[in-house]
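Listed here are the chains, written in short residue letters.
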Amino acid sequence: MPTISNLFKKPVRLFFSSKKRIAGTAFLLTSLLLFWFCLPEHLFRSPTSFVIDDSKGQLLGASIASDGQWRFPYNPKVPAKFKACIIAFEDQRFEYHTGVDPLALVRAIKQDVKARHVVSGGSTLTMQVIRLATHKDRTVWQKMVEIFRAMRLELTYSKAEILALYTSNAPFGSNVVGLDAASWRYFGRSSDKLSWGEMAALAVLPNSPSLVHPGKNRLILIRKRNHLLDKLCKLKVIDATTAMLAKDEPVPEKPMSLPQAAPHLLDRFKNDHVYKAQNGTRITSTINSVLQQNVTDILDRHHQVLKANDIRNAAAIVLDVETGETLAYIGNIFHTDQPELESNVDVIGAPRSPGSTLKPLLYAAMLHDGLILPNSIIPDIPTQIAGYHPENFDLGYDGAVPASKALARSLNIPAVRMLQQYKYERFHALLRAAGITTLKQPADFYGLSLILGGGENNLWELSGAYADMARVLNHYRRYGGLYDRADFHNPRYIKTGQVKPILEKGGLLDAASIYYTLQAMEEVMRPGDELLWQQFSSSQRIAWKTGTSFGFRDGWAIGITPRYVVGVWVGNTNGEGRPGLIGVSTSAPIMFEIFRQLPVSKDWFDMPIGEMARIAVCKESGYRASENCEHADTIWVPKSGLKAPVCPFHQLIHLDASRKWQVTSDCEPPLNMVHQPWFVLPPSMEYYYRSKNYQYKQLPPFRADCSLMRQQRPMELIYPKDGAKVYVPLEADGTRGRMICTAAHRQSGIKVFWHLDDRYLGETIDYHQFALNPPPGKHKLTLVDANGSRVQIWFTALDKSR
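Residues numbered from 1 in each chain as written. Predicted model: local features only at pLDDT ≥ 70, side-chain atom pairs only at ≥ 80, totals over all residues. Heavy atoms only, no water.

The next thing to look at is the packing of helix H9 (residues 218-234) against helix H10 (residues 240-247). Helix packing geometry: the angle between the two helix axes and the distance between the axes. Their axes nearest at 9 Å, the elements H9 and H10 cross at an angle of 170°. Considering the angle they form, H9 stands roughly antiparallel to H10. On H10, the residues touching Arg-225, Asn-226, Leu-229, Asp-230 and Cys-233 of H9 are Ala-240, Ala-243, Ala-246 and Lys-247. Each residue belonging to the contact of H9 with H10 can be placed in one class, and the counts come to five nonpolar, one polar and three charged. (Axes fitted to C-alpha atoms, helices over the stretch in contact; angles between N-to-C directions. Helix = DSSP H or I, 4+ residues; strand = E, 2+ residues; numbered from the N terminus. Parallel < 35°, antiparallel > 145°, perpendicular 65-115°, else oblique. Contact = heavy atoms within 4.5 Å. Nonpolar A, V, L, I, M, F, W, Y, C, P; charged D, E, K, R; others polar.)

And the structure:
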């Protein structure tokens, strides 16, 4: 009969056996979890060098990592020679073990016991990857942990990936980490171009980087290298001849400097990496290394000439129009041994005064809006607008000039007049829409000076805006007359994939307006520099624009072809101005020499007929022809020109039968009058225009018996304008100077009588200028001609002492 104790024995045994199974299962699961999660999410977190390659993968430059190490980013590609060398030297059964090589461990233990100190660790390459990642001391416990983690690493990483991790993070002596950095530091070229002797020398370094250092212990390095070459020969990786020749190769004596072909682009990449949170510290750029070097040499040659005038700095950029990719990027003259050059300043990205380089964008914008036609005449006369008094480069005036010629000659006053018509607020918004980010202030801060360099721009964005215009024109036919908003973008120095265009009916600037802008830019020249400009003859057509900032601080030149844009800046990084520092004579020669390095194409931009209309245009004024325009040409203009204003300068005048006198119905019967269209400019424009345009015919005077009441105003005050505020300058001796007032009259030889505050001053004949010395305060200036015509304005003379 079973006892009570026997009744409980079996359940107790079952309980304890199940408890052991549960504990065993828990232990097993815990071990598996520890095994699976024993590797960190990122094996290597050490900072890496910033590295840029050219478009073909050739190194352009690199910077040392933030921890002072030359450590290039992870490279998944391991050269075949290094793979053969490192496996033969470190881990011959690497391809077959699972992270641990038992035979190597047993051998290492025997060697260590026999020598009574650590001679060999028996570590596989996989175990060495773990040690490099954890930076732990080499103890027995750490050895066990390495084995544990190495086996885990083999489960989720391929052999190729493990070898790449080792190759990218192994120490190669001094502050050099990774094969890529070592090959450049010790041999001055990429690892895939190393010989067997050079690769074998590198392969033995990670084993004892502190002992074997190029330049020190050279005999040890040579002995280890040669031993490896013999092993490779024995394994039949290389033949005996190759091994013998490899042994004769020298080992490096000291680390070499890395290339510095694009130091400023490297700095730009580093800054963009911080501010734009880019991934990875190595990029394949869009730079053409051959072109980069050629442009660098061109800048250096011109620098030798320019520095004689204390012009110390220059920068250049070359863009591919189609993609916006940067083909050459030279941010400054790079001579770090000359601190006065401030070579580390990247001028391409530095905000500078752009001079006249924004004028093409304004011209295109006004064509786009139908405010002008390509050759509409613009006033070129002394101008003062709310105290702003712009002047042309040559300090002269044409009276009136076609808008295209004003752009080609870079005339300042017509540009300011055009911006006044277009409104600087709209132009400011247009520039922002075109990708200009350097205008940090609101439009009112810049005002009308924006078109003459009163804002801040940089060579990067300006060259990009010029490339944008060319790209829109190139794409017009391809997109069937539609526009892609993405055609306006800043340049790129990293290759990006193609984005499907989003086509729209209208663009920021239409193709026809851009076409006429580039046509005008083909004839660019500066007053007084015509002979210099003619030296820039080229076999290819180039639309180009120069710019010079106030005070001769910046010289610009930007050129466009259907395929390329070249931008050049010359000046001093400290803002010092120099006489003769003008774009046409400093930057333009460099720009044209760079263009000669580019493939020459005879092709030019196609005329975008679909964006144009044929209309009658007044030959004299360039406006839409009115009924009074006798000479009209039917030409292609942007479609927006259909809403452009008609010619306001052609009038129907009434002459007597002799055609020598103007008459009115008060003095001549209408039946006896001869009605004739006449091109009539306002007196102030006519005053300057007739001196440079011999074909201009002045209006005949009115016959003496005709009433003055119906006559047009024959006289105009050019300076000062009504409401002007003027400073009267001091002479060299400290005495108060005089302000020169200028007036224009249609009738030659007539007397004009001058009055200030109703006090008679004197008279002028033909050349109507008068010197005044008004005291500070508000004044009334009155002019009366011999016929009784009267002009009166108010102006304020300012007191400088206040």
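With that settled, the discussion passes to the packing of aromatic side chains. One pass over the structure, following the stated rule, counts 18 aromatic pairs. A centroid spacing of 5.5 Å and a plane angle of 85° characterise the contact between Tyr-689 and Tyr-696, whose relative ring orientation is edge-to-face. Of the two residues, Tyr-689 and Tyr-696, both sit in the buried class. Members of the aromatic cluster, connected to one another through ring pairs, are Tyr-623, Phe-649, Phe-679, Tyr-689 and Tyr-696. The positively charged end of Lys-697 is found above the aromatic ring belonging to Trp-678, 5.0 Å away from the centroid. (Phe/Tyr/Trp six-rings, centres within 6.5 Å; stacked < 30°, edge-to-face > 60°. Buried < 20%, exposed > 50% of the residue type's maximum accessible area, 1.4 Å probe, protein only. Lys NZ or Arg CZ within 6 Å of the ring centre and 35° of its normal.)

Next up on the list: helix H8 (residues 196-203). Every α-helix carries 3.6 residues per turn, so stepping three or four residues along brings you back to the same face. Burial within H8 is extensive, with eight of its eight residues counted as buried. What H8 keeps buried is the set Trp-196, Gly-197, Glu-198, Met-199, Ala-200, Ala-201, Leu-202 and Ala-203.

Moving on, we come to the state of the cysteines. Inspection of the entire model under this criterion finds one disulfide. Two residues share a disulfide in this structure: Cys-667 and Cys-706, whose sulfurs sit 1.8 Å from each other. Linking Cys-667 and Cys-706, the disulfide has an S-S dihedral of approximately 70° and is accordingly described as right-handed. Note that Cys-667 is positioned in the loop between strand E17 (650-655) and strand E18 (674-679) and Cys-706 in the loop between helix H22 (683-692) and strand E19 (715-719), a separation of 39 residues in sequence. Exposure class is identical for Cys-667 and Cys-706. Each is buried. Distance from the sulfur of Cys-618, which forms no disulfide, to the nearest cysteine sulfur (Cys-629) is 3.4 Å. (Disulfide = S-S within 2.5 Å.)

What follows covers the confidence of the model for the chain. Confidence along the chain averages 88 in pLDDT terms, with 89% of residues attaining 70 or more. Within the model, the stretch residues 526-531 combines pLDDT values under 50 with 15 contacts to residues more than four positions away or in other chains. (pLDDT = per-residue confidence, 0-100.)

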